[in-house]
Amino acid sequence: MNEDPKVNVSGLPREFVDAGASGNISAEVSSQVPVLQPEPELVVNPWDIVLCTSGTLISCENAIVVLIIFHNPSLRAPMFLLIGSLALADLLAGIGLIVNFVFAYLLQSEATKLVTIGLIVASFSASVCSLLAITVDRYLSLYYALTYHSERTVTFTYVMLFMLWGTSICLGLLPVLGWNCLRDESTCSVVRPLTKNNAAVLSVSFLFTFALMLQLYIQICKIVMRHAHQIALQHHFLATSHYVTTRKGVSTLAIILGTFAACWMPFTLYSLIADYTYPSIYTYATLLPATYNSIINPVIYAFRNQEIQKALCLVCCGCVPPSLSQRARSPSDV
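Residues numbered from 1 in each chain as written. Predicted model: local features only at pLDDT ≥ 70, side-chain atom pairs only at ≥ 80, totals over all residues. Heavy atoms only, no water.

- Per an unreviewed UniProt entry, the chain carries the name G-protein coupled receptors family 1 profile domain-containing protein and comes from Ovis ammon polii.
- Taken from UniProt, the Sequence similarities (unreviewed entry) comment for the chain reads in full: "Belongs to the G-protein coupled receptor 1 family."
- The record in UniProt for the chain states the following under Subcellular location (unreviewed entry): "Cell membrane". (UniProt positions renumbered as here; feature names shortened; annotations may be inferred.)

**Looking at the UniProt feature "transmembrane region" (unreviewed entry) in the chain**
1) Next: Those places that UniProt annotates as "transmembrane region" (unreviewed entry) correspond, in this numbering, to residues 47-70, 82-108, 114-136, 156-179, 199-218, 250-269 and 281-303.
2) Next: For residues 82-108, helix accounts for 93% and strand for 0%, while the C-alpha atoms at its two ends are 36 Å apart. (Helix = DSSP H or I, 4+ residues; strand = E, 2+ residues; numbered from the N terminus.)

**Looking at the state of the cysteines**
1) Next: Within the structure shown, the criterion is met by one disulfide.
2) Next: Between the sulfur atoms of C181 and its disulfide mate C188 the distance is 2.0 Å. The chirality of the disulfide connecting C181 with C188 is right-handed, given an S-S dihedral of about 95°. Accessibility classification places C181 together with C188 in one group, the buried group. (Disulfide = S-S within 2.5 Å. Buried < 20%, exposed > 50% of the residue type's maximum accessible area, 1.4 Å probe, protein only.)

**Description of the side chain of T195**
1) Next: Structurally, T195 can be placed in the loop between α5 (151-176) and α6 (196-234).
2) Next: Of the residues examined, T195 reaches a relative accessible area of 5% and is grouped as buried.
3) Next: Looking at T195, its side chain comes within polar contact range of the side chain of W179, at 3.2 Å. (Polar contact = N/O pair within 3.5 Å; in protein donor to acceptor, adjacent residues only side chain to side chain.)

**Examining the packing of aromatic side chains**
Given two aromatic rings, their pairing is described by the distance between the two centres and the angle made by the two planes.
1) Next: In this structure the tally under the stated criterion is eleven aromatic pairs.
2) Next: Taking 5.2 Å as the distance between ring centres and 50° as the angle between the ring planes, the aromatic pair formed by F101 and Y105 counts as tilted. Pair noted here: F101 and Y105 are both in helix α3 (residues 78-106), with a separation of four residues, about one helical turn.
3) Next: Judged by relative accessible area, which is 22%, F101 ranks as partly exposed. (Phe/Tyr/Trp six-rings, centres within 6.5 Å; stacked < 30°, edge-to-face > 60°.)

**Observations concerning the environment of G258**
1) Next: Note on placement: G258 falls in helix α7 (residues 239-273).
2) Next: Judged by its relative accessible area of 35%, G258 is partly exposed.
3) Next: Taking C-alpha positions, G258 is 9.9 Å from L214, a pair spaced 44 residues apart along the chain.

**Here we look at unusual backbone geometry**
Note: most residues except glycine have negative phi, and most peptide bonds are trans.
1) Next: That bond from R192 to P193 is cis: its omega, 10°, falls within 30 degrees of zero.
2) Next: Here P193 shows up in the loop between α5 and α6.

**Some words on the environment of I117**
1) Next: Its location among the elements puts I117 in helix α4 (residues 110-143).
2) Next: With relative accessibility at 9%, the residue I117 sits in the buried group.
3) Next: Placed 17 residues apart in sequence, I117 and N100 show a C-alpha to C-alpha distance of 7.8 Å.
4) Next: Beyond its immediate sequence surroundings of up to four residues, I117 is in contact with P175, V191, P193 and L194. (Contact = heavy atoms within 4.5 Å.)

**Side note on the confidence of the model for the chain**
1) Next: Of the residues in the chain, 76% reach a pLDDT of 70 or more, and the chain-wide mean stands at 81.
2) Next: pLDDT under 50 marks residues 1-23. Its contacts with residues more than four places away, or in other chains, come to six contacts.
3) Next: Predicted confidence for residues 328-332 stays below pLDDT 50, and this span has ten contacts to residues more than four positions away or in other chains. (pLDDT = per-residue confidence, 0-100.)

**Notes on the side chain of T157**
1) Next: Relative to the elements of secondary structure, T157 occurs in helix α5.
2) Next: Apart from the residues lying within four places of it in its own chain, the contact partners of T157 are P78, L81 and L82.

**Description of a nonpolar patch on the surface**
1) Next: On the surface, I169, L173, V176 and L177 cluster together into a nonpolar patch covering about 370 Å² of accessible area.
2) Next: Looking at where V176 falls in the secondary structure, it is placed in helix α5. (Patch = residues over 30% accessible without salt bridge, like charges linked within 9 Å, V, L, I, M, F, W, Y side chains within 5 Å. Areas by Shrake-Rupley, 256 points an atom, 1.4 Å probe, with all protein chains shown as cover. Salt bridge = Lys/Arg side-chain N within 4 Å of Asp/Glu carboxyl O.)

**With respect to the nonpolar core**
1) Next: In this structure, Y217, F260, W264 and Y301 are the most contacted members of the largest nonpolar core, which totals 61 residues.
2) Next: Per-element accounting of this core gives the leading share, 13 residues, to α4.
3) Next: Once residues within four sequence positions are removed from consideration, Y217 is found in contact with T135, R138, L253, I256, L257 and Y301. (Core = buried A, V, L, I, M, F, W, Y, C linked by side-chain atoms within 4.5 Å.)

Quick look at the structure:
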């Protein structure tokens, strides 16, 4: 009887008060239970899919060229060594694009970014340098036609291969060894984690390579025209035949150099003037044509070659078509 009666100061019936108290208790309990948030869906950039697809095509196409040259002992001339170097560089570039896609969405870390960008820079640098080496070899084969097939030429070819791959590997190691923008985003170029200075060095190197190739191809064009004129005089060809042969050779050189410039020049110039603040769509739109150069290279430099065509036919069908065995090399086949 001494117990104090509980007073309902709210003015509400007791059952409502009890219900409210139990609701507060349940709310406190539920607030202490961790709420499982749904994991965000993985959104894949369509541009990355296109680059990965391009890398797959590059890898398959150039792997064929590498295997053909590697498994044919007859394809050991300096020209084929340089074509094999180009195909190997493009093969590594294609693998780099595929690995970049996998790491970007499945295994994200600073180490994977640096390794991937190092592989891509080294492989594309080796590809461009191999194109320059092929141009030098073609010039020497025409300018020093009598002494081209000698041991000195083979030695010079191995020296070029050593220099171009050594330079390319050094360029690829720069981001891995610390020349990157992972710690300072303000220094990033259009391709993260390359710094703006690193991208500028690569772009200027490409412009220098392109200028050197242009000069060499102008000299090659002059030599081809002179050779075609001499052949026409020796065999008493008509002037129209000489004109057709010369025009074909010049057209071939124009296609080679024009394709190279059209693929790489947009990305090179964009890398010089842009930085990480620019929309990424511009980077993708200029980088994608550069990858197409590695798709076109086997068609221009490998599959047009008569000896590689014969080796490919032997692998595919076990025979060589008569059109290939009877075809003679002309001055336009440069």
